[in-house]
Structures are given as structure tokens and as C-alpha cells.
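So the chains spell out like this:
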Amino acid sequence: MGRLFDGPWPIVIIIIVALLLFAAPKLPAMARSLGQSMRIIKSEVKEMKNDGKPEAKDGTDPVEGKIVNHPQSRPHNGDSSSGTGSADGTDVPPSNRV
């Protein structure tokens, strides 16, 4: 007759049975916790891979140093004396232009 602990399978079966008997009410909470941990680890690994790479520009970011579609940069029917813009499309007052 064979010995009980000759191979790993009888030990694994005993551990599974003991787990089901004594920890059955806690199994859903443990599975939920494990799932949350795996999601957190996955998001952190993704964040580490993207760390240091510049984000893709899709054209929605503001452009620094450039006025885009500014309503006062267009002259109003050729009237440059309104004080809101000039004929050349700049918002700089005439005394400060270079």
C-alpha cells in the first residue's frame, strides 16, 4: 500500500478541502480583493511603460505663444480705430509694436 505523502497531489487535495471547509464564507471577498489588486497592478504597469513618453498631440491642446481663432485679432470691416485690433491682425498697441 502506498504512502499518503509520496506525491504532491494528496497534499494539494487536503489543502483545497481544508480551504473550502474553513474559509468558504470569505472566498468571494478574497476573490474580489485579488481582482482589485490585479487591476491596480495592471494600471501601474501601464503607467510605468508610458512614463517618460510624450503624450500624443491630437490638436486639442492649447498652443503656447500663439493666438488661435482669437475674435479680436481680425479687423472689424476694415475699421482699425476701434482699439480692439489693427489692420495687420495684432493685438499689440501701436506704440509697442516692433
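Now for a look at the structure at hand. (Residues numbered from 1 in each chain as written. Predicted model: local features only at pLDDT ≥ 70, side-chain atom pairs only at ≥ 80, totals over all residues. Heavy atoms only, no water.)

### Details of the overall build of the chain
For the chain, the helix and strand inventory stands at two helices and zero strands. Approximately 9400 Å² of the chain is accessible, and the part contributed by carbon and sulfur atoms is 61%. (Helix = DSSP H or I, 4+ residues; strand = E, 2+ residues; numbered from the N terminus. Areas by Shrake-Rupley, 256 points an atom, 1.4 Å probe, with all protein chains shown as cover.)

### As for a nonpolar patch on the surface
A contiguous nonpolar surface patch, about 500 Å² in accessible area, is contributed by Leu-4, Phe-5, Ile-11, Ile-14 and Ile-15. Position of Leu-4 relative to the elements: it lies in the segment before helix H1 (8-23). Using a relative accessible area of 52% as the deciding quantity, one classes Leu-4 as exposed. (Patch = residues over 30% accessible without salt bridge, like charges linked within 9 Å, V, L, I, M, F, W, Y side chains within 5 Å. Salt bridge = Lys/Arg side-chain N within 4 Å of Asp/Glu carboxyl O. Buried < 20%, exposed > 50% of the residue type's maximum accessible area, 1.4 Å probe, protein only.)

### Structural notes on helix H2 (residues 27-50)
Between the first and last C-alpha of H2 there are 35 Å, a value that for 24 residues agrees with the 34 Å anticipated at 1.5 Å per step. One or two positions beyond H2, positive phi appears at Gly-52, with a value near 95 degrees. (Expected span 1.5 Å × (residues − 1).)

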